[in-house]
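# Commentary on secondary and tertiary structure
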Amino acid sequence: MRAKEKLEFYRGEFDYYQHVRKSIYDIYPLRTDKRKTRDYFSEHLFADARYRRMIKNSKGSSKIVNFHEKENEIDHLIAYRVRKEIQNAICDDKTFLYAYNIIELDHNPYDNDYKGKTVKLKPESFDSSAEIEKECIRYKEDYPKNNLGDYLLDKINFEFYNRRFCDLLMNEEWWLLLFNKVYEIFDRLRILAYDPFKAHYLANNVYLGDKQMEESILDLLLIFLKNYKYDLSPVQKKKLRMLALNISQYRDEHFLTIDKIYLDGVPSLNLNEVDWRKATKYFNYKLITQWVTHPDFTHDQQLQILKLIKDRYLTEKQRNPYFFCYDLSDCFSQLQQLLTSDELPTGCNGSPFPSTNTIDPNQHKIQLPMVQMIEHLNSSLDELKEQNALLTQIITQQNEELRVLHEKHDAEIESMKRLLNEHAEIYNRKGLTLAQQILLFYYLFNELDVNFSNSFKMQWARFLEKVTGKHIQNIRAELNIDFDSKKTKKNLKIVADLFRELLPKISAKIENDSK
């Protein structure tokens, strides 16, 4: 399974999802270059190793170390766990060969010896980079391209091109754009396929201002979905079939009309309360056009609908640009122009859009008297002012949110620092708690092959009574260790950190047991 898809299909299993996702997407373009992959890890994912080096250089004293993470570097307190989660996400994706081995070997420029010498690495050779490139082709991740011929080396692409070329009669640039877009959308669709009843909108709402290209993209996407089988789990195969079925059904005109529930309530419909994302089926431009030009609404209502849809789309695009990835500004601009003109031009098939990609600004201005032309220009200027005001408002709002987040972040950092200092003082002053001491001896005794299976807990209690000075009844109570409790997991992290420098194998075992 591809790393991108594993991240989404098993999202709940990743404690540091955002860190893991960003790191994996950053590494994607570096996968065939071992040096660049290694450099990325050194710069962003090994703050813990850098911290250990500084402690070692200061002769083991953390008090004189002034350690700070670099920009975009993962916090040294969680860097190890983030790396292991990255490894879990990429373990079945052969294109991440270099990244996987770097994590498995713990390969970084800060430790003199690598802690992972005994682990099993994935085999590398001089041909590994070429093999990764071939794997990218199998995954259909080899895009974008600058040469149409490179796409036509693929059998399915070549057959599609041959069947459609005479009917469409488009040039090389048109076809190259089509294939680049199909590969991009197909990549995104597979990532979102965990929810096929939502993911299909990404394909069905394609908007490029070229109806022939939009239809051709959808045709080729369906061919990809029905024929692609490489490195898919049974669940993925079923969901891709659901996705293809949803796309095919949605192409029916029945799905591209305004829902009857809205039209029946037009006289009493509160436009401000309509969920325009659902009403337009995630902003399908054909449905947007039907809403804005529907004769049951007054002209003022049509203008209001256009503004409400546009505002909602900009908000959703800002929240989730990966899903709402199409630029509808041209669509909104054309609709605004149609509503503010005395004569509404009609494109092919009754669409209010011209058949070309752009509108000729003089198309109907020439037919207007001078006064009307001036009014039209003033209306266009007002529209631009509104758009500018909206964008300014969004930017101001974002800046304010960033300022608040920055202040909140600084306050949280200071609070964390105080808390860590308090914990460090308590730790240095009081040492380990009884529960933590028992966990420490539990793992030490296990290394000596002494455990609860081959010895009696009463023997442990008598031994620990002498060592810790604690009451034997308290010790016996703590010997009943509940490894699933939050308290025990918290104590395990403290004990693991204690073992890390002197007995790293025990530290690794504790971290593995606490997962």
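What you are looking at is a predicted structure, and each value in this text was computed from that prediction instead of being measured.

Before going further, it helps to examine the overall build of the chain. Of the regular secondary structure elements, the chain holds 24 helices and zero strands. Taking all 515 residues of the chain together, the buried fraction comes to 41%. Taking the contacts inside the chain whose residues are at least 6 apart along the sequence as the reference set, 66% of them involve residues at least 24 apart. Summed over its atoms, the accessible surface of the chain is roughly 29900 Å², and 53% of this surface lies on carbon and sulfur atoms.

To continue, consider empty space enclosed by the protein. Using the criterion set out here, one finds two cavities of 30 Å³ or more in the structure. Here the largest cavity defines a volume of roughly 80 Å³.

The next subject is helix α17 (residues 299-319). Taking 1.5 Å of rise per residue, the 21 residues of α17 would be expected to cover 30 Å, and the 31 Å separating its terminal C-alpha atoms lies within 8% of that figure. Along α17, the positions that sit buried rather than exposed are Gln302, Ile305, Leu306, Ile309, Lys310, Tyr313 and Glu316. Projection of α17 onto a plane perpendicular to its axis shows the buried side chains occupying an angular sector of 135°, all on one side. Turned more than 90 degrees away from the buried face of α17 sit Asp300 and Arg319, all of them exposed.

Together, Lys229, Lys237, Lys238 and Arg241 line one region of the surface with positive charge. Position of Lys238 relative to the elements: it lies in helix α13 (residues 234-250).

This brings us to the pattern of salt bridges. Taken as a whole and assessed by the stated rule, the structure comprises 38 salt bridges. A salt bridge links Lys307 to Asp311; the nearest nitrogen and oxygen atoms lie 2.9 Å apart. Of this pair, Lys307 and Asp311 both sit in helix α17, four residues apart, which is roughly one turn of that helix. With relative accessibility at 47%, the residue Lys307 sits in the partly exposed group. The exposure class assigned to Asp311 is partly exposed, which follows from its relative accessible area of 22%. Three or more residues are tied together by salt bridges with common partners; here these are Arg2, Lys4, Glu5, Arg31, Glu141 and Asp187.

Our next topic: the nonpolar core. Residues Trp175, Leu178, Phe179, Leu221 and Trp291 are the most contacted members of the largest nonpolar core, which totals 70 residues. Residue contributions to this core peak at eleven residues, all from helix α10 (residues 172-192). The residues contacting Leu221, other than those within four sequence positions of it, are Val182, Ile185, Phe186, Leu189 and Ala203. Counting residues in hydrophobic clusters, the runner-up holds 28 residues, among them Tyr28, Phe46, Ala89 and Ile103.

Structurally, Glu5 is set in helix α1 (residues 3-9). Residue Glu5 is classed as buried on the basis of its relative accessible area of 2%. Considered as a pair, Glu5 and Leu232 are 227 residues apart in the sequence and their alpha carbons are 9.8 Å apart. If sequence neighbours within four positions are ignored, Glu5 has contacts with Arg190, Ile191, Leu232 and Gln236.

With that out of the way, let us pick up the confidence of the model for the chain. For the chain, mean pLDDT is 85; residues scoring 70 or higher make up 88% of the total. Per-element confidence in the chain is highest for α10, whose mean pLDDT is 96, and lowest for helix α19 (residues 370-430), whose mean pLDDT is 70. Here residues 343-370 is modelled with pLDDT under 50, and outside its nearest four sequence neighbours on either side it reaches 40 contacts, counting other chains as well.

On to the environment of Phe96. As for its placement among the helices and strands, Phe96 is situated in the loop between α5 (79-90) and α6 (97-105). A residue is classified by how much of its surface remains accessible, and Phe96, at 2% relative accessible area, is buried. Once you skip the residues sitting within four places of it in the chain, Phe96 turns out to touch Ala3, Ile24, Ile27, Tyr28, Arg31 and Ile90.

What counts, and where the lines are drawn
- Residues numbered from 1 in each chain as written.
- Predicted model: local features only at pLDDT ≥ 70, side-chain atom pairs only at ≥ 80, totals over all residues.
- Heavy atoms only, no water.
- Helix = DSSP H or I, 4+ residues; strand = E, 2+ residues; numbered from the N terminus.
- Buried < 20%, exposed > 50% of the residue type's maximum accessible area, 1.4 Å probe, protein only.
- Contact = heavy atoms within 4.5 Å.
- Areas by Shrake-Rupley, 256 points an atom, 1.4 Å probe, with all protein chains shown as cover.
- 1 Å grid on protein atoms, 1.4 Å probe; cavity = no way out; pocket = protein on both sides within 12 Å on 5 of 7 lines; lining within 4 Å.
- Points joined across faces, edges and corners; volume = space filled by probe spheres on them.
- Expected span 1.5 Å × (residues − 1).
- Arc of directions from axis to C-beta.
- Patch = residues over 30% accessible without salt bridge, like charges linked within 9 Å, V, L, I, M, F, W, Y side chains within 5 Å.
- Salt bridge = Lys/Arg side-chain N within 4 Å of Asp/Glu carboxyl O.
- Lys, Arg positive; Asp, Glu negative; His and termini not counted.
- Charge placed at Lys NZ, Arg CZ, Asp CG, Glu CD.
- Core = buried A, V, L, I, M, F, W, Y, C linked by side-chain atoms within 4.5 Å.
- pLDDT = per-residue confidence, 0-100.

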